[in-house]
Amino acid sequence: MLKKKIIFLLGPTGIGKSAVAVSLAKKVNAEIISCDSMQVYRKMDIITSKVTSGQRKKVKHHLLGVIDPEQEYNVAKYRRDALAICDKLLAKGKIPLFVGGTGLYYSIIVDGLFPAVPQDKAIRAKLEKQLKLKGCKYLYRRLVRVDSAAAAKIHQHDTRRIIRALEVYLKTGIRISQLQKSRVGLGKDYALKIFGLNSKRQSLYAAIDRRVDKMFSLGLINELKRLLKHKLSRTAKCAIGIRELKGCFAGEYSLAEGKRLMQRNSRHYAKRQLTWFRKDKRIQWININKTETPAQIALKLWKKLSW
RNA sequence: GCCGAGAUAGCUCAGUGGUAGAGCGCGGCCCUGAAAAGGCCGGCGUGGGGGGUCCGAUUCCCUCUCUCGGCA
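My aim in this report is to walk through the structure given alongside it, one point at a time. Please read all numbers here as calculations on a predicted model, not as lab measurements.

Regarding the side chain of Lys 17
The topology assignment puts Lys 17 in helix H1 (residues 17–28). One buried charged side chain, Lys 17, makes no salt bridge at all; its nearest oppositely charged neighbour is Asp 36, positioned 6.4 Å away.

And the structure:
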């Protein structure tokens, strides 16, 4: 039996994935599923560089602006939502084209997520209180006692992961290091084609800087002022630009400085994305140069789509 | 032209008579319910050129070059 096809288009922020994706999707009768932790939010169009409504008319996009910024969102929700859409597309004969730069979201789609241990607010609150009172070393030592395998992988300053590992253990009595061994991805049942877009670091960084400039000319400030009237969830407020520009609004530094920080943090983010993707040997990398149009790049990808 | 200040890591600068550091930048890495988050690691640089003093100079002295400020 022929396996059903799924395509992934990955790459760092600002590389130009979105435009290429639209062009590719038209060629192969695909619909796009965003693989981006921030573009899921409503009212955050400019700040997250969502594709224009014009492009959305050409190809159907999923998981763009579907969550209110007051709501929290996370990997588990993404996996649930994305796979539901993926199934629907496959059922009607469309190819799902995952496009984005959130490495973890990509990974839990392709490789799976370990059995559900949702957050537990009460346990978290307790752990966070202990963190404040006794410091991260105390929590780390606790983790070493209950799950030394997890502790060996987590740095003692990485409080987020220490807390999660403890949370999982306290809630279920099972070690997170044990649970992490069982994950089921798509690879077995589907034919996956995974592309990564990259370019010279220098031109990537230049593109990122330019894109931030463009956000400002598109009305970033107004969008943000409107957005900040809402109480943002702790996930939504992580989008690059919010923290940076809040400082300007508070009069701590100039707008120019805020923009500089946005550009710098976006560059750092791109670098981390590349580190994440680099170790995944399934990705077929396409190096692009600035003279190529999205359509030309899409054509290149299309030619590599022999299933 | 004269007076003053300076010339040290890609940038801004600190410091010391026994061959150098900090921030930023930059690079590498980790990653399973916050992931655009969070965490870790990485600095041999002709200490502007030349000469002198000294066991030894980036550090003291002389000189040249350049930069900045002031005066003409």
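Comments concerning the sheet that holds strand S3 (residues 61–62)
What the 6 strands build is an open sheet, ordered S3-S2-S4-S1-S5-S6; its pairing is parallel. Among the strands making up the open sheet, the edge pair consists of S3 and strand S6 (284–287). In the sheet, strand S1 (residues 4–10) pairs with strand S5 (residues 190–198) via 7 bridges, with the strands oriented parallel. In the sheet register, Leu 9 faces S5, and the bridge partner there is Phe 195. Sheet contacts for H1: S1, strand S2 (30–34), S3, strand S4 (95–100) and S5; angle to S4, the most-contacted strand, approximately 175°. Sitting on the sheet, helix H3 (residues 75–91) is in contact with S1, S2, S3, S4 and S5, with an inclination near 175° to S2.

Focus: the protein's contact with RNA strand B
As a matter of local geometry, RNA strand B sits amid 46 residues, with Ser 37, Gln 119, Arg 160, Arg 264 and Arg 278 nearest to it. A breakdown of the atoms of RNA strand B within 4 Å of the protein gives sugar and phosphate a share of 55%. Contacts to RNA strand B include Asp 36, whose side-chain N or O atom sits 3.3 Å from a base nitrogen. At 2.5 Å, a side-chain N or O of Arg 272 approaches a phosphate oxygen of RNA strand B. Of all the elements in the fold, those that place two or more residues in the surface near RNA strand B are H3, helix H4 (103–110), helix H8 (159–172), helix H10 (201–218) and helix H13 (255–278). In terms of residue count, the dominant contributor to the surface near RNA strand B is H13 (9 residues).

Points about the environment of Ala 250
You can see Ala 250 is positioned in the loop between helix H12 (242–249) and H13. Judged by its relative accessible area of 54%, Ala 250 falls in the exposed class.

Overview of a positive patch on the surface
Together, Arg 201, Lys 271, Arg 278 and Lys 281 line one region of the surface with positive charge. With a relative accessible area of 70%, Lys 281 lands in the exposed category.

Remarks on the environment of Gln 39
With respect to the element layout, Gln 39 can be found in the loop between S2 and helix H2 (53–58). In this structure, the C-alpha to C-alpha distance between Gln 39 and Asp 111, residues 72 residues apart in sequence, is 22 Å. Apart from residues no more than four positions distant in its own chain, Gln 39 is found in contact with Ser 34, Thr 48, Ser 49, Lys 50, Leu 63, Leu 64 and Gly 65.

Reading the values: the criteria
Residues numbered from 1 in each chain as written. Chains lettered and ligands numbered in written order. Predicted model: local features only at pLDDT ≥ 70, side-chain atom pairs only at ≥ 80, totals over all residues. Heavy atoms only, no water. Helix = DSSP H or I, 4+ residues; strand = E, 2+ residues; numbered from the N terminus. Buried < 20%, exposed > 50% of the residue type's maximum accessible area, 1.4 Å probe, protein only. Lys, Arg positive; Asp, Glu negative; His and termini not counted. Salt bridge = Lys/Arg side-chain N within 4 Å of Asp/Glu carboxyl O. Pairing = 2+ DSSP bridges. Contact = heavy atoms within 4.5 Å. Axes fitted to C-alpha atoms, helices over the stretch in contact; angles between N-to-C directions. Near = heavy atom within 4 Å. Polar contact = N/O pair within 3.5 Å; in protein donor to acceptor, adjacent residues only side chain to side chain. Patch = residues over 30% accessible without salt bridge, like charges linked within 9 Å, V, L, I, M, F, W, Y side chains within 5 Å. Areas by Shrake-Rupley, 256 points an atom, 1.4 Å probe, with all protein chains shown as cover. Charge placed at Lys NZ, Arg CZ, Asp CG, Glu CD.

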